[in-house]
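Residues per chain, in single letters:
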Amino acid sequence: MAWREAMCGELRAGDAGRRVTVAGWADTRRDFGGLVFVDLRDHTGKLQLVINPEHSSAAAAVAHEIRNEFVLQASGEVLARAPETVNPNLPTGQIEVQVDELRILSRSTALPFQLDEENVEETIRLRYRWLDMRTERMQRNLRLNHTAISAIRRVMDERGFVDVWTPSMTRGTPEGARDFLLPVRLQPGKFFALAQSPQLFKQLCMVGGIDRYYQIATCWRDEDLRADRQFEFRQLDLEMAFVEREDVLDVMEACVVGAFEVAGVEPPPRPFPRLVYDDVLLRFGSDKPDLRFGLEIQDATEVTRESEFGVFKNAPCVRYVVVPRTFSRSEQARLEEVAKEWGAKGLANLTQISKFLSEPELQAFGVEEGSTALFVADEEAVVARVLGLLRLHLAHELDLIDASLDVFHWVTDFPLFEHSEEYGGWTFMHHPFTATVPSEEQRIESDPEHVRGQHYDLIWNGWELGSGSIRIHEAEVQQAVFRVMGMGEEEQRDKFGFLLDALQMGAPPHGGFAMGIDRFIALLAREPDIRQVTAFPKIASGADPLTGAPTPYPDSALKELGIRLLDPQPE
Ligand code: ASP
């Protein structure tokens, strides 16, 4: 006999009279001494089993032994429930199965938590993830993960993309994070890095004539874990030859919309708005602004150049946001405290400083009754950052965000380089393989500060979903970028000789993108963090509560790898 011949959640009134065999987990058991009711659950839903000793004494004997999460197999007839016992909250609520054969296929020890228990500590959920996975939430999320990825694969297929597997064990890839290192027994003292992304391999695929590459690629980055970050994660990684930016954006939008459609969520209208980096920084104080609400930042630097108010007059940059309400003194003081924590020297409220301002200044700000203008005066970067954070903070505090909105947009035209505090020189903004906007290539070395890259980010409700760019496809240009980053000829050859060689052997113009799949699915599932859509994630300390990894290894194993620890092994 088959283990099961019907799925629990799929039986309906029309099945009444059918004989079925179902199998699954005992969700709940209600034992009335004689009559026993069991809700049997599989991934399709729950089904009420009725075990009546008058109908089958053997089944009744088994039923009394059942505890939550036992695995059962039951056979019997589907019966229509009497009208007063219909459960309108259950899709199978119009029927039940009158059991005549019942087997316990597997038992369960006492559970560390009940599946319907709320607020179970996450470490416990992850330690017993196989139980947690049985909850409706995890079932829904893991299945959504699958259907969304299938939809994306369909889009890639239709557009002629080829799934090429690239190695995880490679040289360090400069994506801006630390590498995970892998010691090599055959070559003690040498290490592979786990790929931070397939960036250079996918570019080499373009040189290799693949034309349209994609992969649901696992990437490894040694960074602190957060709501949207795990050490290892997957991205939809793609690369296209003979394309321009718009071609890449078009494919990505099709993937997003395809995934929304299979998830049954209203997709965002296309094309997604394209916003320019300088502009979003000015208006929203962030390169990944949440556009579900206004509170746009306004510039007042010019208007206040000649101000009587010294704080404004002497600051390199003065900007403000207008908030549609007024604040009490203590509320204002609290906001100022927060702004100071973000690095502001102060947070001026127009009402409090208006006596220092001229009529033209006051008119320029155009603040209506019942609204408040809050100013920050400082270096431009500080002003942008503080007002950007303040904008978000106020939107949450004042409940200005419509959570039902899904606002997607692109940010384009990022600077190619940014100044590195750490190295004191120029470093890449995206990665060093990003091309400049076409007219600015000549200025890479002469004016690195102002050169813009053909780099674009995709943002959803203030979350950065991913990045991409049109790449450099000429070795000389690539070398110019390396030189700006302070990399001499020898270091270039040592680290990127293979790329430079490839770029000299017929590299087509190309560009691509990578979107964090887990982050995307978490947002699609309306989950607050990617752990809820990942089968076996790690916790913030970087540990896996389920297997207990990472673990120490005996000295003998390390010796084989040519490794000796500085500190003794923890017990
Ligand atoms: N390799 C980049 C990343 O992982 C994406 C890209 O430029 O295609 O963020």
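Our subject is the structure listed above.
Quick notes on the rules
- Residues numbered from 1 in each chain as written.
- Predicted model: local features only at pLDDT ≥ 70, side-chain atom pairs only at ≥ 80, totals over all residues.
- Heavy atoms only, no water.
- Near = heavy atom within 4 Å.
- Polar contact = N/O pair within 3.5 Å; in protein donor to acceptor, adjacent residues only side chain to side chain.
- Areas by Shrake-Rupley, 256 points an atom, 1.4 Å probe, with all protein chains shown as cover.
- Helix = DSSP H or I, 4+ residues; strand = E, 2+ residues; numbered from the N terminus.
- Nonpolar A, V, L, I, M, F, W, Y, C, P; charged D, E, K, R; others polar.
- Phe/Tyr/Trp six-rings, centres within 6.5 Å; stacked < 30°, edge-to-face > 60°.
- Buried < 20%, exposed > 50% of the residue type's maximum accessible area, 1.4 Å probe, protein only.
- Lys NZ or Arg CZ within 6 Å of the ring centre and 35° of its normal.
- Pairing = 2+ DSSP bridges.
- Salt bridge = Lys/Arg side-chain N within 4 Å of Asp/Glu carboxyl O.
- Contact = heavy atoms within 4.5 Å.
- Axes fitted to C-alpha atoms, helices over the stretch in contact; angles between N-to-C directions.
- Expected span 1.5 Å × (residues − 1).
- Arc of directions from axis to C-beta.

A.B. asks: So what exactly am I meant to see when it comes to the site of the ligand here?
C.D. replies: If you check the shell around the ligand, you find 14 residues, and the closest are Glu175, Gln199, Lys202, His431 and Arg471. Arg221 is positioned such that a nitrogen or oxygen atom in its side chain is 2.9 Å from an oxygen atom of the ligand. At 2.9 Å from an oxygen atom of the ligand is found a side-chain nitrogen or oxygen belonging to His431. Bound to the protein, the ligand loses 94% of the 270 Å² it would expose on its own. Elements with a contribution of two residues or more to the shell around the ligand: helix H5 (199–207), strand S21 (463–470) and strand S22 (510–516). The residue makeup of the shell around the ligand, split by class, is 2 nonpolar, 8 polar and 4 charged.

A.B. asks: Mind showing me how you'd approach the packing of aromatic side chains here?
C.D. replies: Centre-to-centre distance and the angle between the planes together describe a pair of aromatic rings. For the coordinates displayed, the defined rule picks out 21 aromatic pairs. Note on Tyr320 and Phe375: the rings are 4.7 Å apart at their centroids and 25° apart in plane angle, and the pair reads as stacked. A residue pair is termed long-range when its members are at least 10 positions apart, and Tyr320 in strand S14 (residues 317–323) and Phe375 in strand S16 (residues 372–378) qualify at 55 residues. For the pair formed by Tyr320 and Phe375, the shared burial category is buried. Seen from the ring of Tyr128, Arg127 lies directly overhead, with NZ or CZ sitting 4.7 Å from the centre.

A.B. asks: Before we go on, may I ask you to explain the pairing of strand S9 (residues 191–194) in this structure?
C.D. replies: Regular strands place their side chains on alternate faces of the sheet. By the bridge criterion, 2 bridges tie strand S7 (residues 169–170) to S9 in an arrangement that is antiparallel. By the bridge assignment, Met169 is partnered in S9 with Leu194. Summarising the sheet, strand S8 (residues 181–183) and S9 pair through 3 bridges and their orientation is antiparallel. When the bridges of S9 are listed, Leu181 appears paired with Ala193.

A.B. asks: Explanation requested: the environment of Arg319 in the structure shown.
C.D. replies: Inspection of the secondary structure puts Arg319 in strand S14. Relative accessible area serves as the criterion here: at 5%, Arg319 is assigned to the buried category. For the pair formed by Arg319 and Ile297, sequence separation is 22 residues and the distance between their alpha carbons is 6.7 Å. There is a polar contact of 2.8 Å between the side chain of Arg319 and the side chain of Asp299.

A.B. asks: Explanation requested: the sheet that holds S7 in the structure shown.
C.D. replies: In sheet architecture, strand pairing relies on hydrogen bonds along the backbone and comes in two forms, parallel and antiparallel. Spatial ordering of the open sheet is given by S7-S9-S8, a layout of 3 strands whose pairing is antiparallel. Each edge of the open sheet carries a strand with a single partner, namely S7 and S8.

A.B. asks: So what exactly am I meant to see when it comes to the pattern of salt bridges here?
C.D. replies: When charged atoms on two side chains of opposite charge get close, those side chains can pair. Evaluation of the coordinates by the stated rule reveals 49 salt bridges. Two residues, Asp378 and Lys345, come together in a salt bridge whose shortest N-O distance is 3.1 Å. Taken together, the positions of Asp378 in strand S16 and Lys345 in the loop between helix H9 (329–341) and strand S15 (348–349) put the pair 33 residues apart, joining distant regions of the chain. A residue is classified by how much of its surface remains accessible, and Asp378, at 6% relative accessible area, is buried.

A.B. asks: Please clarify how the sheet that holds S15 should be interpreted in this entry.
C.D. replies: Taken together, 4 strands build an open sheet; the order of strands is S13-S14-S16-S15 and the sheet is antiparallel. Of all strands in the sheet, those with a lone pairing partner are strand S13 (297–299) and S15, marking the two edges. As judged from the 3 bridges shared by S13 and S14, these two strands associate in the antiparallel manner. Each residue of the ladder has a partner; that of Gln298, found in S14, is Tyr320. Against the sheet, helix H7 (residues 277–284) makes contact with S13 and S14, and its axis sits at roughly 100° relative to S13, the strand it touches most.

A.B. asks: Before we go on, may I ask you to explain helix H13 (residues 475–484) in this structure?
C.D. replies: Two residues of an α-helix separated by three or four positions point the same way, owing to the 3.6 residues in each turn. Among the 10 residues that make up H13, 8 are buried, leaving the element largely enclosed by the rest of the structure. Looking one or two residues past H13, Gly486 carries a phi angle of roughly 80°, positive in sign.

A.B. asks: Would you mind going over the environment of Thr44 with me for this structure?
C.D. replies: By the element assignment, Thr44 lies in the loop between strand S2 (36–42) and strand S3 (45–51). Thr44 sits 228 residues away from Phe272 along the chain, and the two C-alpha atoms are 36 Å apart. Of the polar contacts made by the side chain of Thr44, one reaches the side chain of Asp42; its length is 2.5 Å.

A.B. asks: Please explain unusual backbone geometry as it appears in this structure.
C.D. replies: Across the chain, the bulk of peptide bonds are trans and the bulk of non-glycine residues have phi less than zero. Of note, the bond from Arg270 into Pro271 is cis; its omega dihedral lies within 30 degrees of zero at -10°. Positionally, Pro271 belongs in the loop between helix H6 (245–263) and strand S12 (274–276). For the bond running from Ala549 to Pro550, omega is 0°, close enough to zero to count as cis. Phi angles above zero are rare outside glycine, and Asp413 is one such case at about 60°. Along the chain, Asp413 turns up in the loop between strand S17 (408–412) and strand S18 (417–419).

A.B. asks: I tried to follow H9 on my own but got confused; where do I start?
C.D. replies: Here H9 is 13 residues long and its end C-alpha atoms lie 19 Å apart, about the 18 Å a rise of 1.5 Å per residue gives. Three or more residues of H9 are buried, namely Gln332, Leu335, Val338 and Ala339. Angularly, the buried residues of H9 cover 120° about the axis, an arc narrow enough to put them on a single face. Exposed residues lying more than 90 degrees from the buried face of H9 are Arg329, Ser330, Arg334 and Glu341. If you follow the buried residues of H9, they end up packed against S15, helix H10 (350–353), S16 and helix H12 (380–397). Gly343 sits one or two positions beyond H9 and adopts a positive phi of about 110°.

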